[in-house]
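# Secondary and tertiary structure notes
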Amino acid sequence: MLELRHVSFSVPDENGTKNTKEILKDINLVIDEQKFVVITGPNGGGKSTLAKLIAGIEKPTSGQIFFNGQDITDWDITKRAQNGIGYAFQQPVRFKGITVMDLLCLAAGNKKLDKCVVCQYLSEVGLCAENYINREVDASLSGGELKRIEIATIVARKNTELALFDEPEAGIDLWSFHKLIKVFERMHDQKQSILIISHQERILNIADEIVLIADGTVRKVGTKEEVLPELMDVVGNCKFYKEEV
Ligand SMILES: Nc1ncnc2c1ncn2[C@@H]1O[C@H](COP(=O)(O)OP(=O)(O)OP(=O)(O)O)[C@@H](O)[C@H]1O
């Protein structure tokens, strides 16, 4: 189980003053074991920042994060990954000189994986293994290809108890998106907790629980039926959206 207690996150103000900008404000959230939770909300509301705090990329300015009862607030991303928290970036990182095969072997705990196992991981995310297995994870890959390879690394990581995905649908074609939904459903069936940041209705449809984040706060936690009207309200009242209409 993951628990955030009074978590806030601020950054120095861009204007070079001594003021700070509060991005997340007093977040209290519990993600139960084996739950499929989707975080949604308007752009700039703080979703990715929250995912980075959970993954250990950023550290809260105040508050605590607990995972299976242990205070992990001071753990870095590596220690959290070793202890079962897997994270897929909104914009995945490229690794020049490392092939897709190498990356999946690393993800599986630096084990030598059988070629057909790697092929299976790749086909699960909609990639033809033959074309990708020996490719370098470098700038020659498109954004969507890279995203799918990164999701395959989470599938390959066998000790993942909580898998975090930041907008997995971004840049992915419809057919691959359909496959991705299947990957998430299978992970859920295998009793992993899944936390996905998404705006996609098909992902919202399969969530056990939806968390609405807006303006750095948790606005609502509940089922799709409970949360969607509130989301429409938040978006409708957002001055940026209004200006565009
Ligand atoms: N390091 C930082 N320095 C300054 N501002 C930041 C920093 N990180 C995030 N922000 C700001 O905090 C707010 C929340 O950003 P975040 O990326 O968490 O939003 P989001 O809900 O994931 O948005 P989107 O749906 O567009 O991906 C934004 O206004 C962003 O510009």
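Remember, predicted model here, so these are calculated numbers, not experimental data. (Residues numbered from 1 in each chain as written. Predicted model: local features only at pLDDT ≥ 70, side-chain atom pairs only at ≥ 80, totals over all residues.)

Per the secondary structure count, the protein chain includes 10 helices and 12 strands. For 245 residues, the compact-globule estimate of 2.2 N^0.38 gives 18 Å, and the protein chain sits close to it at 18 Å. Dimensions of the protein chain, computed from the C-alpha atoms along their principal axes, are close to 50 × 40 × 40 Å. Looking at the protein chain residue by residue over its 245 residues, the buried ones come to 35%. (Helix = DSSP H or I, 4+ residues; strand = E, 2+ residues; numbered from the N terminus. Rg over C-alpha atoms; globule rule 2.2 N^0.38 Å. Buried ≥ 20, exposed ≤ 12 C-beta atoms within 10 Å, placed from the backbone.)

This next bit is on the site of the ligand. Residues in close proximity to the ligand include V11, I23, G41, N43, G44, G45, G46, K47, S48 and T49, which together make up its full environment. The greatest single-element share of the shell around the ligand, amounting to 3 residues, is contributed by helix α1 (residues 47–55). Here the residues of the shell around the ligand sort into 2 nonpolar, 7 polar and 1 charged. (Near = placed C-beta within 6 Å. Nonpolar A, V, L, I, M, F, W, Y, C, P; charged D, E, K, R; others polar.)

A few words on the environment of A51. Summarising the element assignment, A51 is placed in helix α1. Given 23 C-beta atoms within 10 Å, A51 falls into the buried group. Sequence-wise, A51 and N83 are 32 residues apart; in three dimensions their C-alpha atoms are separated by 16 Å. Not counting residues up to four positions away in its chain, the partners in contact with A51 are Y87, L164, D166 and I197. (Contact = placed C-beta atoms within 7 Å.)

Here the focus is the pairing of strand β12 (residues 217–222). Both strand β11 (residues 209–214) and β12 contribute to a ladder of 5 bridges, which runs antiparallel. Bridging from a neighbouring strand, A214 pairs with T217 of β12. Once β11 ends, the chain turns through 2 residues before running back antiparallel as β12, passing D215 with a positive phi of about 55°. (Pairing = 2+ DSSP bridges.)

Next up on the list: the confidence of the model for the protein chain. Per-residue pLDDT for the protein chain has a mean of 87; in total, 95% of the residues score no lower than 70. The lowest-confidence element of the protein chain is helix α10 (residues 239–244), averaging 46 in pLDDT; the highest-confidence one is strand β4 (residues 62–67), averaging 97. Contacts of residues 239–245 to residues separated by more than four positions or lying in other chains number 1 contact, the stretch itself having pLDDT below 50. Taken together, the chains of this predicted complex give a pTM of 0.86 and an interface ipTM of 0.96. (pLDDT = per-residue confidence, 0-100.)

What follows covers the sheet that holds strand β10 (residues 193–197). The 6 strands lie next to each other as β6-β9-β10-β3-β11-β12, forming an open sheet whose pairing is mixed. The open sheet is flanked by β6 (85–88) and β12, the only strands paired with a single partner. For this sheet, the mean angle separating the axes of adjacent strands, direction not counted, is 15°. Contacting β3 (36–40), β6, β9 (162–166), β10 and β11, α1 crosses the sheet at an angle of about 150° to β9. Strand contacts of helix α7 (residues 174–189): β3, β9 and β10, with the helix running at about 150° to β10, the strand carrying the most contacts. (Axes fitted to C-alpha atoms, helices over the stretch in contact; angles between N-to-C directions.)

A word on the nonpolar core. Counting residues in each nonpolar core, the largest one holds 60 residues, and the members touching the most others are I54, A152 and L164. A total of 7 residues in this core trace back to one element, the largest contributor, which is helix α6 (residues 143–156). Sequence-distant contacts of L164, defined by excluding residues within four places in its chain, comprise A51, I54, A55, I85, G86, Y87, A88 and L195. (Core = buried A, V, L, I, M, F, W, Y, C linked by C-beta atoms within 7 Å.)

Strand pairing in a sheet takes place through backbone hydrogen bonds and is either antiparallel or parallel in direction. Taken in spatial order, the 4 strands line up as β2-β1-β4-β5 in an open sheet, and their pairing is antiparallel. The strands lining the two open edges of the sheet, one partner per strand, are β2 (20–31) and β5 (70–71). Across 8 bridges, strand β1 (residues 2–12) lies against β2 in antiparallel orientation. Its bridge partner lying in β2, F9 is registered against L24.

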